[in-house]
Amino acid sequence: MPSPERRLSDVEGPARLRPREHGAYAMLAFPAVSGLVSGGLTWGGAAFVATAVMGFVAHEAALVVLGGRGERLRTRHEHAARARLGLLGGAVVLAAAVFLATAPSGAWGAAVVSGALGAAVGGLVVLGKTKTLAGEVMVATAFSSIHAVAAAAGGRAPDMVWLPALAWVASFVLATLAVHALKYRFKKKGPGRWAVVASPTLAGLLAVAGCVGAVSGHPAGWAAATLVPKALVVATLSAVEVHPKHLRRVGWSFVGADVATLALLLWWLGLGA
């Protein structure tokens with residue numbers, strides 16, 4: 001009789017090649033939505049978002065091929081992983097061609113920045129460093145830059161392109177620091193020692209900056225104001241002892257704050273149309 005582990009692997013099959021980093025789904029989705037709504041659903045913006053999505057999906061297959069998920073999974077799923085990488089690689093080339101053919105030249109600079117960040121993340125995948133604090137910050141920055149490209153593809157002004165992207169960087173980095181701080185408070189090991197102080201400090205600074213920015217009328221002030229929901233959530237987590245076993249609930253609280261940030265960003269971007 002097959003072992004339970006073997007039966008589970010056989011049932012999952014291709015599911016083993018789906019990205020497991022659930023928090024990354026949100027980091028990809030929110031900047032993509034804000035960028036596409038801000039810039040309008042253009043061919044160039046949609047093509048670049050598609051490129052980013054396929055790159056994200058491909059990274060799990062790349063980890064399997066590289067042995068990052070263990071030798072057993074590499075042996076069992078390497079053929080399917082290589083096939084998926086080939087298919088996604090061809091689709092990425094096609095989507096990139098559509099972007100270059102349809103996006104205005106003003107969006108190319110943003111695409112170069114975002115592409116460079118994506119390439120850096122790819123390097124971290126190869127090196128197995130995406131789970132480090134620095135790696136997670138790089139991933140958050142790369143995903144946030146998607147807004148800039150999608151918005152620029154729709155012809156938005158520079159402040160409407162880069163300020164929301166920077167707001168997403170701050171939001172995701174703040175959440176990353178909060179998670180590392182939460183883990184460190186209970187495990188007393190890992191890179192979260194300084195995050196225990198940095199997380200509530202940054203949350204407090206962003207909350208104050210956001211409240212001041214909301215009445216300033218300056219674009220940078222409005223961008224800061226959109227971060228108040230995430231700052232309040234992180235400040236609350238810093239004040240309350242939350243066990244790491246509740247990380248899923250913590251993650252959903254971050255998603256709720258990001259929904260509020262998205263709503264505020266879209267309202268502000270609508271006013272700046």
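Residues numbered from 1 in each chain as written. Predicted model: local features only at pLDDT ≥ 70, side-chain atom pairs only at ≥ 80, totals over all residues. Heavy atoms only, no water.

Colleague: Sorry if this is basic, but what is going on with the overall build of the chain here?
Modeller: Check the secondary structure of the chain and you find eleven helices and zero strands. When its helices and strands are written in sequence order, the chain yields α-α-α-α-α-α-α-α-α-α-α. The C-alpha radius of gyration computed for the chain amounts to 20 Å, which stays within 12% of the reference 19 Å derived for 273 residues, consistent with globular compactness. Based on the C-alpha atoms only, the size of the chain along its principal axes is roughly 70 × 50 × 25 Å. (Helix = DSSP H or I, 4+ residues; strand = E, 2+ residues; numbered from the N terminus. Rg over C-alpha atoms; globule rule 2.2 N^0.38 Å.)

Colleague: Help me understand the pattern of salt bridges, please; the structure alone is not making it clear to me.
Modeller: A side chain with one charge may pair with a side chain of the opposite charge, provided their charged atoms come close. Following the criterion strictly, the structure yields one salt bridge and no others. Asp258 serves as the salt-bridge partner of Lys230, at 2.9 Å between the closest nitrogen and oxygen. Of this pair, Lys230 sits in helix α10 (residues 228–239) while Asp258 is found in helix α11 (residues 247–271), placing the two residues 28 residues apart along the sequence. Asp258 matches Lys230 in its accessibility class, with the two residues each being buried. (Salt bridge = Lys/Arg side-chain N within 4 Å of Asp/Glu carboxyl O. Buried < 20%, exposed > 50% of the residue type's maximum accessible area, 1.4 Å probe, protein only.)

Colleague: Got a minute to help me understand the nonpolar core in this structure?
Modeller: General note: in soluble globular proteins, nonpolar side chains tend to be found buried as a group. Within the largest apolar cluster, 29 residues are counted, with the highest numbers of intra-cluster contacts made by Met27, Phe143, Ile146 and Trp268. Among the elements of the structure, α2 (22–39), α3 (43–66), α5 (106–127), α6 (133–153), α7 (158–187) and α11 are those that each provide at least two residues to this core. Of all the elements, α2 adds the most residues to this core, at seven residues. In this structure, Leu206, Ala231, Val242 and Phe254 belong to the second largest nonpolar core, which totals 15 residues. (Core = buried A, V, L, I, M, F, W, Y, C linked by side-chain atoms within 4.5 Å.)

Colleague: Teacher, can you tell me more about the packing of aromatic side chains here?
Modeller: Any aromatic ring pair is given by two values, namely how distant the centres are and how the planes are angled relative to each other. Tallying each qualifying case throughout the model produces six aromatic pairs. Aromatic side chains Phe56 and Phe143 sit 5.7 Å apart centroid to centroid with 80 degrees between the ring planes, which places their arrangement in the edge-to-face category. Taken together, the positions of Phe56 in helix α3 and Phe143 in helix α6 put the pair 87 residues apart, joining distant regions of the chain. For the pair Phe56 and Phe143, a shared accessibility class is recorded, and that class is buried. (Phe/Tyr/Trp six-rings, centres within 6.5 Å; stacked < 30°, edge-to-face > 60°.)

Colleague: Looking at this structure, how should I read the layout of surface pockets?
Modeller: Roughly 1700 Å³ of volume is contained in the largest pocket. Lining the largest pocket are 50 residues; nearest its centre among them are Glu21, Gly23, Ala24, Met27 and Val139. Put simply, the parts of the chain that give the lining of the largest pocket at least two residues each are α2, α3, α5, α6, α7 and α11. Across the lining of the largest pocket, the residue classes tally to 25 nonpolar, 15 polar and ten charged. (1 Å grid on protein atoms, 1.4 Å probe; cavity = no way out; pocket = protein on both sides within 12 Å on 5 of 7 lines; lining within 4 Å. Points joined across faces, edges and corners; volume = space filled by probe spheres on them. Nonpolar A, V, L, I, M, F, W, Y, C, P; charged D, E, K, R; others polar.)

Colleague: Honestly, the environment of Ala207 in this entry has me stumped. Any pointers?
Modeller: With respect to the helices and strands, Ala207 occurs in helix α8 (residues 195–216). Residue class for Ala207 comes out buried when judged on its relative accessible area of 15%. On a C-alpha basis, the gap between Ala207 and Thr226 in space is 9.5 Å, while along the polypeptide they are 19 residues apart. In this structure, Ala207 is in contact with Val228 and Ala231, ignoring residues within four places of it in sequence. (Contact = heavy atoms within 4.5 Å.)

Colleague: Sorry if this is basic, but what is going on with the side chain of Ser38 here?
Modeller: Looking at the element boundaries, Ser38 is found in helix α2. When near neighbours in sequence (up to four residues on either side) are disregarded, Ser38 contacts His147, Ala151, Arg156, Met160 and Leu269.

Colleague: What exactly am I supposed to notice about the packing of α2 against α3 here?
Modeller: Between two packed helices, what matters for the description is the angle formed by their axes and the separation of those axes. At a minimum axis distance of 11 Å, the contact between α2 and α3 shows a crossing angle of 175 degrees. Considering the angle they form, α2 stands roughly antiparallel to α3. Across the interface between the two elements, Ala24, Tyr25, Leu28, Ala32 and Leu36 from α2 touch Gly45, Ala46, Val49, Ala52, Val53 and Phe56 from α3. Across the contact of α2 with α3, the residue classes tally to ten nonpolar, one polar and no charged. (Axes fitted to C-alpha atoms, helices over the stretch in contact; angles between N-to-C directions. Parallel < 35°, antiparallel > 145°, perpendicular 65-115°, else oblique.)

Colleague: Looking at this model, I keep getting lost on α6. Mind explaining?
Modeller: Side chains of residues three or four places apart in an α-helix project in the same direction, reflecting 3.6 residues per turn. For α6, which comprises 21 residues, the first-to-last C-alpha distance of 31 Å matches the rise-based estimate of 30 Å (1.5 Å per residue) to within 8%. Looking one or two residues past α6, Gly155 carries a phi angle of roughly 80 degrees, positive in sign. (Expected span 1.5 Å × (residues − 1).)

Colleague: Where do I start with the environment of Val215 in this structure?
Modeller: With respect to the helices and strands, the residue Val215 is situated in helix α8. The class of Val215 is exposed, set by a relative accessible area of 72%. Between the C-alpha atoms of Val215 and Ala225, which are ten residues apart in sequence, the distance is 9.1 Å.

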